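Chains, contacts and geometry: an overview
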Amino acid sequence: MSIAAEPTRLDPAWLSPQSLPTALALPATLYTDASILALEQLAVFARSWQLVAHAAQVAVAGDHIVTEVAGVPLLVVRGDDGVLRAMHNVCRHRAGPLATCNGRGARALRCKYHGWTYALDGQLRSAPEMGDACDFDVSAIRLPQAHVAQWQGQVFVALDAAPPLADVLDGIDARLGAHTLADYVFHHRSSYEVHCNWKVYIDNYLEGYHVPHIHPALNRMLDYRSYTTETTAWYSLQHSPLENSGGIYANGEALYYFVWPNTMLNILPGRLQTNRVVALGTDHCRVDFDFFYPADSVDAQQHMRDQNFSDEVQHEDIGICELVQRGLASGSYVAGRLNPKRESGVHHFHELYRRALREQAQHAASAG
Ligand code: FES
Ligand SMILES: [Fe+2]
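Residues numbered from 1 in each chain as written. Chains lettered and ligands numbered in written order. Predicted model: local features only at pLDDT ≥ 70, side-chain atom pairs only at ≥ 80, totals over all residues. Heavy atoms only, no water.

This next bit is on the sheet that holds strand 16 (residues 284–293). One open sheet accounts for 7 strands, arranged 10-16-15-14-13-12-11; its pairing is antiparallel. The open sheet is flanked by strand 10 (185–194) and strand 11 (228–231), the only strands paired with a single partner. Averaged over neighbouring strand pairs, the angle between their axes works out to 15 degrees when direction is ignored. In the sheet, strand 11 pairs with strand 12 (residues 235–242) via 4 bridges, with the strands oriented antiparallel. Directly across from Thr 231, in strand 12, lies its bridge partner Ser 236. (Pairing = 2+ DSSP bridges. Helix = DSSP H or I, 4+ residues; strand = E, 2+ residues; numbered from the N terminus. Axes fitted to C-alpha atoms, helices over the stretch in contact; angles between N-to-C directions.)

See the structure below:
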């Protein structure tokens, strides 16, 4: 799939940069057309850092997690040499899986289909009963690798070329100061399936404009007048003083980072929550919420209050996102004006999105 292959689908005008004071939202087609997601897999998801694990899941040799990026099954595994690698979870024999679920301490990666066995670094070690095959060289076969990088205990992978993760996240550590997240401990995951395009969910995340209307309880905790959005090359930050949470959180600051293209880091006093938005279809996505708390934070009641409140806010967001998807699909909608004061984060996301699609078009054109 490429832009060149679908010339009638994408009007080049949709992909031109826009300045914030005159910016329009993205056209409905980009949220509703079934061909767009295949394009996005190449243009967006294959060329960006995807949050796939936390370091404790892959702490020692043989620990591994299975995931998928841009339609490619991946295995992230700690090698005998201590190196963390991401490799395609697609056997070089006839495409079977090396692993079908997360695991600990594997000695090798044995394909589930016919038993070809790879070392933890992806090198094929043995292939049963292949003695009659001519010119079959076990040592020449290895699993293709993806890029892997870590930040503050979070493991990211990139299928193809992406800017260095340190560049993408540049400035976040400085903003956090002495507040390190690396030794926060994973508590649990909550996943939500949402019947909207993945960009609807992210657009909604990127503005506080809706907070007074959709989230009455959250609105009492945040200071809407002080709610601020900053943007950098690859991420945006929404922040607000946080108070009057009724004991759910200590007073302090709420930091909501959005990292291109689909990662959120929600940092509140004594809590990190990561979100990864996974596109499951044109009008269907899943959002994985992982909760982390400092190792010395053992207040189960407080954790429960945090999770219950997060769940309440999430259901409010799901409700509006699903209604927006219906509006986009109705045929009624023509891209509307963004609010420069309140939707600069949405504009920033759309600029990165338009650029990614433009670059994919150039890539497709140069590839002939
Ligand atoms: S597909 Fe892996 S051993 Fe056959
Ligand atoms: Fe919201």
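In this section: the domain arrangement of the chain. Interfaces are often sized by the amount of accessible area the parts lose when they come together. Along its sequence, the chain is organised into domain 1 (1–48 + 174–368) and domain 2 (50–150). Residue-level contacts link 11 residues of domain 1 with 9 residues of domain 2. Here domain 1 meets domain 2 over a buried area of about 820 Å², counting both sides, of which 50% is carbon and sulfur. Ranking the residues of domain 1 by area buried against domain 2 places Gln 41, Phe 45 and Arg 276 at the top, with a combined share of 50%. Counting across the domain 1 and domain 2 interface gives 0 salt bridges. If you look at where domain 1 meets domain 2, you find 4 residue pairs in polar contact (both at pLDDT 80 or more). Residue composition of the side of domain 1 that touches domain 2, grouped by class: 5 nonpolar, 5 polar and 1 charged. (Domains from an automatic or database assignment. Contact = heavy atoms within 4.5 Å. Buried area = accessible area lost by both parts, 1.4 Å probe. Salt bridge = Lys/Arg side-chain N within 4 Å of Asp/Glu carboxyl O. Polar contact = N/O pair within 3.5 Å; in protein donor to acceptor, adjacent residues only side chain to side chain. Nonpolar A, V, L, I, M, F, W, Y, C, P; charged D, E, K, R; others polar.)

Another point: the side chain of Ser 236. Assignment of secondary structure puts Ser 236 in strand 12. Beyond its immediate sequence surroundings of up to four residues, Ser 236 is in contact with Leu 206, Glu 230, Thr 231, Tyr 256, Tyr 257, Phe 258 and His 348.

Moving on to the nonpolar core. Ranked by size, the top nonpolar core spans 80 residues in total, and within it Val 44, Trp 151, Trp 198, Tyr 201 and Tyr 353 carry the most contacts. In this structure, Trp 198 is in contact with Leu 37, Glu 40, Val 44, Phe 45, Pro 261, Val 277, Ala 279, Cys 285, Phe 349 and Tyr 353, ignoring residues within four places of it in sequence. (Core = buried A, V, L, I, M, F, W, Y, C linked by side-chain atoms within 4.5 Å. Buried < 20%, exposed > 50% of the residue type's maximum accessible area, 1.4 Å probe, protein only.)

As summarised here, the arrangement of the 3 strands in space is 5-6-7, forming an open sheet in which the pairing is antiparallel. Edge strands, defined here as strands with exactly one partner in the open sheet, are strand 5 (109–110) and strand 7 (124–126). In this sheet, strand 7 lies alongside strand 6 (residues 117–118) in antiparallel orientation, the contact comprising 2 bridges. Within strand 7, the position partnered with Tyr 118 by the bridge is Leu 124.

Turning next to helix 5 (residues 198–205). Buried residues dominate helix 5, accounting for 8 of its 8 residues. Where helix 5 is concerned, the buried positions are Trp 198, Lys 199, Val 200, Tyr 201, Ile 202, Asp 203, Asn 204 and Tyr 205. Sitting at the amino-terminal end of helix 5 is Asn 197, which places a side-chain oxygen 2.9 Å from the backbone nitrogen of Lys 199.

All right, on to the coordination of the iron ion (ligand 2) then. Binding of the iron ion (ligand 2) to the protein goes through His 210 (NE2), His 215 (NE2), Asp 317 (OD) and Asp 317 (OD), at separations of 2.0 to 2.7 Å. Geometry at the iron ion (ligand 2) is irregular, judged from its 4 donor atoms and the angles of 54 to 154 degrees they form at the metal. Along the chain, the residues donating to the iron ion (ligand 2) are arranged with the sequence spacing H-x4-H-x101-D. In this pair, His 210 is assigned in the loop between helix 5 and helix 6 (211–214) and Asp 317 in helix 8 (residues 300–329), connecting sequence segments 107 residues apart. Considered together, His 210 and Asp 317 belong to a single accessibility category, that of buried residues. (Donors = N, O, S within 2.8 Å, 3.2 Å for Na, K, Ca; no water. Tetrahedral: all angles 85-135°; square planar, octahedral: opposite > 155°, others 65-115°.)

It is worth spelling out the pattern of salt bridges at this point. Counted according to the given criterion, the structure contains 11 salt bridges. Here Arg 104 and Asp 63 are joined by a salt bridge, their closest N and O atoms 2.9 Å apart. Of this pair, Arg 104 sits in the loop between strand 4 (84–88) and strand 5 while Asp 63 sits in the loop between strand 1 (50–54) and strand 2 (64–69); the two residues are 41 residues apart in sequence, bridging distant segments of the chain. Owing to a relative accessible area of 2%, Asp 63 belongs among the buried residues under this scheme. Overlapping salt bridges, with partners in common, bring together Arg 189, Arg 286, Asp 288 and Asp 290 in one network.

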